[in-house]
Amino acid sequence: IRKGYSMGGIITVTMHEDNPLTGGSSWDNKNGTVRAILPPQSNSDVPNMHKEYMQTLSKIADFFEDLAPIPILFRPYHENNHVWSWWGSSACTPEEF
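Residues numbered from 1 in each chain as written. Predicted model: local features only at pLDDT ≥ 70, side-chain atom pairs only at ≥ 80, totals over all residues. Heavy atoms only, no water.

(A) View of the nonpolar core. One finds I11, V13, M15, I60, F64, L67 and I70 forming the largest nonpolar core, which totals seven residues. Elements represented by at least two residues in this core include exactly β1 (11-14) and α3 (50-65). Aside from chain neighbours lying at most four places away, what touches V13 is I1, F64, I72, L73, F74 and R75. In terms of nonpolar packing, the next biggest core, distinct from the first, is built from six residues, V34, Y53, W86 and W87 among them. (Core = buried A, V, L, I, M, F, W, Y, C linked by side-chain atoms within 4.5 Å. Buried < 20%, exposed > 50% of the residue type's maximum accessible area, 1.4 Å probe, protein only. Helix = DSSP H or I, 4+ residues; strand = E, 2+ residues; numbered from the N terminus. Contact = heavy atoms within 4.5 Å.)

(B) Main features of α3. An ideal rise of 1.5 Å per residue puts 22 Å on 16 residues; α3 measures up with 22 Å between its terminal C-alpha atoms. Listed as buried for α3 are Y53, I60 and F64. Viewed end-on, α3 has its buried residues packed into an arc of 45°, placing them on one side of the element. α3 presents K51, K59 and E65 as exposed residues on the side facing more than 90 degrees away from its buried surface. On its buried side, α3 packs onto β1, α2 (33-37) and β2 (72-75). (Expected span 1.5 Å × (residues − 1). Arc of directions from axis to C-beta.)

(C) Up close: the pattern of salt bridges. Within this structure, the stated rule accounts for one salt bridge. Here E96 and R35 are joined by a salt bridge, their closest N and O atoms 2.7 Å apart. Of the two residues, E96 is situated in the segment after β2 and R35 in helix α2; the sequence distance between them amounts to 61 residues. On the basis of relative accessible area, E96 is assigned to the buried category, the value being 14%. (Salt bridge = Lys/Arg side-chain N within 4 Å of Asp/Glu carboxyl O.)

Printed below as a string of structure tokens:
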């Protein structure tokens, strides 16, 4: 990242995170994963993992903070209109996304 930036590159980072609910890959599109990482809802039918997921996001933020002042285009949940990932249109509602 640092070398690319020093050469004048535009740095982009795309993330295909493993499914935090099941531990499966990004392609494990179990319905309910997005609901599980959102703040707790009293009517949820999945275990709540919001606190754990916030810890994951904190680690990612620490990684990027160590790279300051390099500007980085971070794309963690791209292509949300597809069906292959746990954050895709087959696994969550538009409101959850």
